Amino acid sequence: MSAAFSPVMAGHAAPGDVPSTPKQVPHRGGAANPSAGRLQERFPLAFVRAEVVWGETTVFVKPEHVFAVVQYLHDDPAEQYDYLSDVTAVEYRDLELPLEVVWHLRSLPHRRFLRVKAQLPKGQPLRIASVWPIYRAADWMERECYDMFGLVFDGHPDLRRILLWEQYKEGFPLRKDFPLRGRFSRAEQLRQALAANPEARYSMEELRIADAFEDLPQDMRRRLAGGEQTGE
């Protein structure tokens, strides 16, 4: 007979540590996540700086060392960042400031949150290592960053657009150089989308949603297939 099921309570794996809500947290400064100091000591060539804002620690590392740093944070018993909650990017309204790639890591056993950033200079290829081999959850998040920012994650097993269609030619919507009204009219965008061959890029399972087109009224299908004008 198997043992009785015991639910795992997040944050209760650290013995003798009682969860508490931080109070009177300063805007900047304060105690840093101890992982920041250990990263600086273990990766002196990768560590750039650490910041503490509203009690949350952000560690800046050099882009070429991101995979090694994240691998350490995931594997080391003193860190155990076992949950990747987000991968995103930030581009500022400044031609000189680099584009930042951001990873949000959580250590459930130690109840710690750490934000890791790597800065990619403008005017250079926006490429960085994928953390998919460490966190499978990075799959769709990295695809979203690629789709919205044009970031290429080296080592990702299936890097292609996830929100826009593969043949989308207007660029990357969350980049600051993206025209707010697009480079093509809505009618042209629709024409390109309907002219694409989705079976060349997507599995039949992914295309099941496309079956809904066949359920539309015949008149509506004819108008969509003809690239009906939408007011622009």
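Refer to the structure above for everything that follows.
Residues numbered from 1 in each chain as written. Predicted model: local features only at pLDDT ≥ 70, side-chain atom pairs only at ≥ 80, totals over all residues. Heavy atoms only, no water.

(A) A look at the pattern of salt bridges. Counting across every chain of the model gives nine salt bridges. Residue R160 pairs with D158 through a salt bridge whose shortest N-O separation is 2.9 Å. A residue is classified by how much of its surface remains accessible, and R160, at 6% relative accessible area, is buried. Taken together, the shared-partner salt bridges connect E91, K122 and R175 into one network. (Salt bridge = Lys/Arg side-chain N within 4 Å of Asp/Glu carboxyl O. Buried < 20%, exposed > 50% of the residue type's maximum accessible area, 1.4 Å probe, protein only.)

(B) Structural detail: the environment of V61. When you line up the elements, V61 lands in strand β2 (residues 56–61). When its relative accessible area of 5% is taken as the criterion, V61 is described as buried. Considered as a pair, V61 and A46 are 15 residues apart in the sequence and their alpha carbons are 5.3 Å apart. Residues contacting V61, with those up to four places away along its chain left out, are A46, V48, V66, V69, V116, K117, A118 and Q119. (Helix = DSSP H or I, 4+ residues; strand = E, 2+ residues; numbered from the N terminus. Contact = heavy atoms within 4.5 Å.)

(C) The packing of aromatic side chains, seen in detail. Scanning the model with the defined rule gives three aromatic pairs in all. The interplanar angle of 90° and the centroid separation of 5.2 Å between the aromatic rings of W165 and Y168 together place this pair among those described as edge-to-face. On the basis of relative accessibility, which here comes to 10%, the residue Y168 falls in the buried class. Note that R49 overlies the ring of F60, its terminal NZ or CZ placed 3.8 Å from the centroid. Over the ring of W132 we find R136, and its NZ or CZ is 3.8 Å from the ring centre. (Phe/Tyr/Trp six-rings, centres within 6.5 Å; stacked < 30°, edge-to-face > 60°. Lys NZ or Arg CZ within 6 Å of the ring centre and 35° of its normal.)

(D) Representation of the sheet that holds strand β3 (residues 83–90) within the structure. The strand order β1-β2-β5-β4-β3 describes an open sheet built from five strands, whose pairing is mixed. Because the sheet does not close on itself, it has two edges, and the strands there are β1 (47–53) and β3. Each adjacent strand pair in this sheet contributes to an overall mean axis angle of 20°, direction not counted. Of the strand pairs in this sheet, β1 and β2 are connected by six bridges, and their pairing is antiparallel. Note on β2: the bridge partner recorded for A50 is V59. (Pairing = 2+ DSSP bridges. Axes fitted to C-alpha atoms, helices over the stretch in contact; angles between N-to-C directions.)

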